[in-house]
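Inside the fold
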Protein chains: 2
Amino acid sequence: MRVIGIDPGLTRCGFGVVDGSVGRALTMVDVGVYRTPPDMDTSRRLHLLEQGIEASILKHQPDIVAVERVFSQHNVRTVMGTAQASGIAMLVAARHDIPVQLHTPSEVKASVTGSGRADKPQVTQMVTRLLRLTEAPKPADAADALALAICQIWRGGAQNRLQDAIAQNKLLASGKAAR
Amino acid sequence: MRVIGIDPGLTRCGFGVVDGSVGRALTMVDVGVYRTPPDMDTSRRLHLLEQGIEASILKHQPDIVAVERVFSQHNVRTVMGTAQASGIAMLVAARHDIPVQLHTPSEVKASVTGSGRADKPQVTQMVTRLLRLTEAPKPADAADALALAICQIWRGGAQNRLQDAIAQNKLLASGKAAR
């Protein structure tokens with residue numbers, strides 16, 4: 001199975017392509033960051049991002065697109081751009097008829113480190129080890145995108161749907177609490 | 001000048017196309033709502049929405065796309081979908097090289113009713129009057145999209161850039177306050 005993980009963002013949007021399946025070795029196929037200039041009009045930044053994601057999907061033909069789930073509670077200043085970037089990733093996947101799965105940051109951390117509270121260096125270290133890389137992927141957004149792809153390969157579809165339902169309920173609950 | 005106003009949403013996304021300029025009569029060209037099924041996968045809903053907006057832009061060739069500015073403070077439960085829908089509208093505009101302007105709900109209300117705190121029936125009534133329609137546009141999302149287009153025609157570009165700067169500062173301030 002080939003998965004592209006996308007850590008959404010407007011200034012830096014990480015992507016990582018990983019081949020593998022449960023119980024087998026993982027192989028990194030590609031990794032990088034799409035960047036758009038902060039002083040550019042948001043609509044043009046979204047268009048640049050679309051072109052980047054489109055190119056990666058056409059090049060690598062992934063079976064699944066794994067996107068980090070964005071929560072509206074986190075970082076009010078940048079959440080709009082992050083939400084829009086995640087929407088672009090989901091849109092491009094749907095346009096190519098590729099299924100999309102969302103994972104929360106703590107699900108991703110738990111998958112690769114065993115702890116949902118792991119810090120970024122720990123995630124980067126485990127990603128480097130699991131993919132048998134000679135050096136750590138940089139920047140952190142790239143490592144996070146690879147971790148997302150690994151999480152997708154290991155958790156698979158059924159588990160993910162359950163988690164989606166739970167996350168949705170949590171969002172509903174936090175939405176109620178915020179009012 | 002021809003403007004398409006887009007009131008972003010995933011379940012109902014209003015659009016309204018208006019011709020006019022400052023000091024001249026306004027003409028409604030088109031109005032409606034793009035709908036996507038709530039039980040459909042979000043990525044497919046975004047793709048459906050993209051196709052709807054794309055079709056309207058190709059059909060009407062607007063000079064400007066006016067989109068309602070989404071604030072992360074409002075309605076935590078639906079803000080992600082709304083932000084993603086607005087991102088799709090901005091993306092499609094950029095792809096066709098059409099400038100995008102954002103307006104806050106209170107800017108739109110103030111433009112068409114004289115009060116930033118006007119309620120929905122008041123906005124609908126003024127939109128109906130200003131466009132000399134024989135009956136009120138329905139649903140409310142469609143009337144809001146027409147109000148957005150009128151706001152864009154009346155406020156124009158320079159004023160809008162000033163408001164953008166102010167809104168951005170407010171967002172920054174509220175972001176700091178929320179931490």
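In this numbering scheme, every chain counts its residues from 1 along its sequence in written order. The lettering of chains begins at A and the numbering of ligands begins at 1, in the order of writing. With pLDDT at 70 or above as the cut-off, local features in this predicted model cover only qualifying residues; side-chain atom pairs require 80 or more to be listed or tallied, and sums for whole chains, interfaces and linings still use all residues. Only hydrogens and water are set aside; all other atoms, that is, all heavy atoms of the structure, feed into the side-chain values.

The name given to chain A in an unreviewed UniProt entry is Crossover junction endodeoxyribonuclease RuvC, and the organism recorded there is Aeromicrobium panaciterrae. UniProt positions are given in the numbering used here, feature names are shortened, and annotations may be inferred rather than shown by experiment. Per UniProt, the comment on chain A under Subunit (unreviewed entry) is "Homodimer which binds Holliday junction (HJ) DNA. The HJ becomes 2-fold symmetrical on binding to RuvC with unstacked arms; it has a different conformation from HJ DNA in complex with RuvA. In the full resolvosome a probable DNA-RuvA(4)-RuvB(12)-RuvC(2) complex forms which resolves the HJ." UniProt's Subcellular location (unreviewed entry) comment on chain A is quoted here verbatim: "Cytoplasm".

**Details of the sheet that holds strand β2 (residues 12–19) of chain B**
Residue and element names in this part refer to chain B. Two strands qualify as a pair provided that DSSP identifies no fewer than 2 bridges between them. Numbering of helices and strands runs from the N terminus; a helix is a DSSP stretch of H or I covering at least four residues, while a strand is a stretch of E covering at least two. Ordered in space as β3-β2-β1-β4-β5, the five strands form an open sheet in which the pairing is mixed. Two strands bound the open sheet, and with one partner strand each, they are β3 (27–35) and β5 (100–103). Within the sheet, the average angular offset between the axes of one strand and its neighbour, ignoring direction, is 20 degrees. For strand β1 (residues 2–7) and β2, the ladder comprises six bridges, and the chain directions are antiparallel. Directly across from G5, in β2, lies its bridge partner G16. To obtain each axis, a line is fitted to C-alpha atoms, and for helices this fit is confined to the stretch in contact; angles are then taken between N-to-C directions over 0 to 180 degrees.

**Quick look at helix α1 (residues 42–60) of chain B**
Two residues of an α-helix separated by three or four positions point the same way, owing to the 3.6 residues in each turn. All names here are of chain B. For α1, which comprises 19 residues, the first-to-last C-alpha distance of 27 Å matches the rise-based estimate of 27 Å (1.5 Å per residue) to within 8%. Turning to α1, its buried residues number three or more, namely S43, R45, L46, H47, L49, E50, G52, I53, E54, S56, I57 and H60. Note on α1: the residue one or two positions beyond its end, Q61, has a positive phi of about 45 degrees. Working rule for helices: expected span equals 1.5 Å times residues minus one. Accessibility here uses a 1.4 Å probe with only protein chains present; expressed as a share of the type maximum, an area under 20% marks a residue as buried, one over 50% as exposed, and anything in between as partly exposed.

**Some thoughts on the packing of aromatic side chains**
All names here are of chain A. Side-chain rings of Phe, Tyr and Trp (the six-membered ring for Trp) are treated as a pair once their centres are within 6.5 Å; stacked means planes under 30 degrees apart, edge-to-face means over 60, and tilted covers the remaining angles. In total, this model carries two aromatic pairs over all chains according to the counting rule given. Where F15 meets Y34, the ring centres are 4.4 Å apart and the plane angle is 15 degrees; that geometry is what we call stacked. Placement of F15 in strand β2 (residues 12–19) and of Y34 in strand β3 (residues 27–35) is noted, with a sequence separation of 19 residues between them. Looking at Y34, the relative accessible area reads 10%, which means it is buried.

**Some remarks on the side chain of A:E68**
Residue and element names in this part refer to chain A. Turning to its location among the elements, E68 is positioned in strand β4 (residues 64–68). Counting rule for charge: Lys and Arg are taken as positive, Asp and Glu as negative, and neither His nor the chain ends is counted. By definition here, a salt bridge exists when the distance from a side-chain nitrogen of Lys or Arg to a carboxyl oxygen of Asp or Glu is within 4 Å. Despite its burial, E68 pairs with no opposite charge; the closest candidate is K120, at 6.8 Å N-O. Between two residues, a contact is recorded if the distance between any of their heavy atoms is within 4.5 Å. Not counting residues within four places of it along the chain, the set of residues in contact with E68 comprises I6, D7, P8, H103, P105 and L148.

**Considerations on the confidence of the model for chain A**
Should the pLDDT be low somewhere, the predicted coordinates at that spot are not to be read in detail. Summing up the model confidence of chain A, the mean pLDDT is 88 and the portion of residues at 70 or higher is 84%. Summary of the metric used: pLDDT quantifies the predictor's per-residue confidence within the range 0 to 100. Across residues 174–179 of chain A, where pLDDT falls below 50, the model places five contacts with residues more than four positions away in sequence or in other chains.

**Examining the environment of A:S106**
Residues and elements named next belong to chain A. Position of S106 relative to the elements: it lies in helix α3 (residues 105–113). Since its relative accessible area comes to 39%, S106 is described here as partly exposed. Separated by twelve residues in sequence, S106 and A118 have C-alpha atoms that sit 8.2 Å apart.

**A closer look at unusual backbone geometry**
Residue and element names in this part refer to chain A. With an omega dihedral of -10 degrees, the bond running from K138 to P139 counts as a cis peptide bond. As for its placement among the helices and strands, P139 is situated in the loop between α4 (120–130) and α5 (140–178). If you check the backbone angles, R132 has positive phi at about 50 degrees while not being a glycine. A relative accessible area of 56% places R132 in the exposed class.

**A short note on the sheet that holds strand β1 (residues 2–7) of chain A**
Residues and elements named next belong to chain A. Read from one edge of the open sheet, five strands run β3-β2-β1-β4-β5, paired in mixed fashion. At either end of the open sheet lies a strand with only one pairing partner, and these are β3 and β5 (100–103). Taking each pair of neighbouring strands and ignoring which way they run, the sheet shows an average axis angle of 20 degrees. Relative to β3, helix α1 (residues 42–60) is tilted by about 165 degrees, and along the sheet it contacts β1, β2, β3 and β4.

**Quick word on the UniProt feature "binding site: Mg(2+) 2" (unreviewed entry) in chain A**
Residues annotated in UniProt with the feature "binding site: Mg(2+) 2" (unreviewed entry) correspond here to A:E68. Among the residues examined, A:E68 registers a relative accessible area of 19% and is labelled buried.

**A few points about the nonpolar core**
Buried Ala, Val, Leu, Ile, Met, Phe, Trp, Tyr and Cys residues form a nonpolar core when they are joined through side-chain atoms within 4.5 Å. One finds A:I6, A:I53, A:V65, B:I6, B:I53 and B:V65 to be the most contacted residues of the largest nonpolar core, which totals 46 residues. Look past the residues within four positions of B:I53 in its chain and what remains in contact with it is B:I6, B:Y34, B:I88, B:A89 and B:V92.

**Observations regarding the pattern of salt bridges**
Enumeration according to the criterion identifies 14 salt bridges over all chains in this entry. In this structure, the salt-bridge partner of B:R95 is B:E50, at a minimum N-O distance of 2.5 Å. With B:R95 in helix α2 (residues 79–95) and B:E50 in helix α1, the pair connects residues that are 45 residues apart, well separated along the chain. Given a relative accessible area of 26%, B:R95 falls into the partly exposed group. The residue B:E54 makes a salt bridge to B:R95 at a minimum N-O spacing of 2.7 Å. Within this pair, whereas B:E54 is found in helix α1, its partner B:R95 is found in helix α2, the two being separated by 41 residues in sequence. A cluster of three or more residues bridged by salt bridges with shared partners is formed by A:E50, A:E54, A:R95, B:E50, B:E54 and B:R95.

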